[in-house]
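# Close look at the chain arrangement
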Amino acid sequence: MPRGRGVRGNQRNQTVVQENVHHVESEQDPAELYEFEGHGMNRPDGQLNLTDFELNEEMPIRMLTANNPQAAQNITLFSFKDHQYRITDLVDQTTTHLAVDSKIVLKDSDEARDQDAYHDDRRIEIERLTQNAGDNDMKKSVRNQFNFSERTAQTFNNSIRNRSLQTEPPIMKDNHNTVTQWEIWDVYMEELENSRRASEEQKGKDKDKKKRQEDALYSSSMKHSLKIMERMIIQNAMEEEFYDYKYYEHKIDEARPDEGSLLPLWRFSSEKSKRKQVTSICWNPKYKDLFAISYGSYDFLKQSTGLICCYSLKNVMHPEYAFTTESGVMCLDFHPSHPALLCVGVYDGTVLVYDIRIKHNRPIYQSTVRTMKHTDPVWQVSWQREDLTKNINFFSISSDGRVTNWILMKNKLEPEEVMKLKLVNSQKDAELEEEASLSGLAGGMCFDFHPSAEHMF
């Protein structure tokens, strides 16, 4: 009897023919199944032409297992018995896709009995309270002199309900890294050193705190008072010098209008600045009585440590602030907008940034070999008044022929090479190619910004 029948071939070549065909035995050639009476062979578009060997080839059997492919296979746990880490073979292959708490309780279960007992106790308690309230209403209440009346009300407690809410799962990220044994050792040693250092600092702070509490002379208020008293005593002792500082006029200056005369007033010196040479002086742009002096050495064969002293005209005997450096200081400059920031250039090519409000002797920023510090002495540093990116930065020039812009980032100095001062042999070589005309880098000694265009120097 003719009917619609699907013809099945090999696993790689499956085709369904929806036609009215006669019943065909399974031993018949598969190619003949596509031949119909009065028609040629009909093959679907895109069907592969396979050979007899490929049609008779057996496909490998694939087994489906219940193992979770995303489960970790190398879980390591610490064995307290063996005192070492071991890999465990117990891997949880279960994955929960949806978990919903049921609201139906079996009537014969213990939970249902507990709920029935709870409701029975509540019902008995409500009946007892209602009966006691009725008995109390029947009693006559004695009114007091304040005409006070007592009123009570009893309400029913709402039944307990459990509500659940399904939310989107939080975003998860897999972080992994490979570490070696020596890296773990270095981290442990660093943490140990930091903890030891922190404990020592805390002990030192506790000792200082106890001393200050015991003795009022070490308090900050006492230091501030002594500082003011010292300035007053010095100004009273040098009254004539301070008067000449404000109102000095020499009679010879009237006869020589093109020339002037100088009157030495004070000599600024300290114990630390002995046998050192003054290399730079800079006035503070905000505090007109404050200026900084850098000490170094121009004898390049005998270099020693450097010194920075900040003096005030209110106290000409001792410096207000003093900072020491490992190499001689060659130049310095105050920031025009932030008067507490002081940039310094030293002999070994390092640039430093100090905050004079901080009492310790360490700079807040320092250039290193990693940050492309200069290889020769730094001869001048200068702050830029306003950067296009609103960053705090300063420029430096050195004998190595480089002009560098230093940007103050959050935790480091970011260098930016502005230019290299190049030497040219002669004017004839200028016509040649640039690579052939260069003979080296010229050492820079000084630079200055344009008064109106800050980007030009």
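Look up a bit, the structure's there.
Residues numbered from 1 in each chain as written. Predicted model: local features only at pLDDT ≥ 70, side-chain atom pairs only at ≥ 80, totals over all residues. Heavy atoms only, no water.

## Quick look at the side chain of His-374
With respect to the secondary-structure elements, His-374 resides in the loop between strand 12 (365-366) and strand 13 (378-383). Classification of His-374 by relative accessible area gives buried; the value is 1%. A polar atom in the side chain of His-374 sits 2.8 Å from the side chain of Ser-396. Once residues within four sequence positions are removed from consideration, His-374 is found in contact with Asp-348, Gly-349, Ser-396, Ser-398, Asp-400, Arg-402, Thr-404 and Trp-406. (Helix = DSSP H or I, 4+ residues; strand = E, 2+ residues; numbered from the N terminus. Buried < 20%, exposed > 50% of the residue type's maximum accessible area, 1.4 Å probe, protein only. Polar contact = N/O pair within 3.5 Å; in protein donor to acceptor, adjacent residues only side chain to side chain. Contact = heavy atoms within 4.5 Å.)

## Points about the pairing of strand 4 (residues 84-87)
Pairing analysis gives four bridges linking strand 3 (residues 76-79) to strand 4, with the strands arranged antiparallel. Its bridge partner lying in strand 4, Leu-77 is registered against Arg-86. Hairpin connection, strand 3 to strand 4: the antiparallel pair is bridged by four residues, and His-83 has positive phi, about 60°. (Pairing = 2+ DSSP bridges.)

## A short note on the sheet that holds strand 12
Strand order in the open sheet made by the four strands is 9-10-11-12, with antiparallel pairing throughout. In this open sheet, the two edge strands, each paired with only one partner strand, are strand 9 (329-334) and strand 12. With two bridges connecting them, strand 11 (residues 351-355) and strand 12 associate as antiparallel partners. The residue of strand 12 that forms the bridge with Leu-352 is Gln-366.

## Some details on empty space enclosed by the protein
Rolled over the atoms, a probe as big as a water molecule pinpoints where empty space is left. Enumeration over the complete set of coordinates arrives at two cavities of 30 Å³ or more. Its volume calculated, the second largest cavity comes out at about 30 Å³. In this structure, the second largest cavity is lined by Phe-323, Tyr-354, Asp-355, Ile-358, His-360, Arg-362 and Ile-364. Its residues assigned to classes, the lining of the second largest cavity shows four nonpolar, one polar and two charged. (1 Å grid on protein atoms, 1.4 Å probe; cavity = no way out; pocket = protein on both sides within 12 Å on 5 of 7 lines; lining within 4 Å. Points joined across faces, edges and corners; volume = space filled by probe spheres on them. Nonpolar A, V, L, I, M, F, W, Y, C, P; charged D, E, K, R; others polar.)

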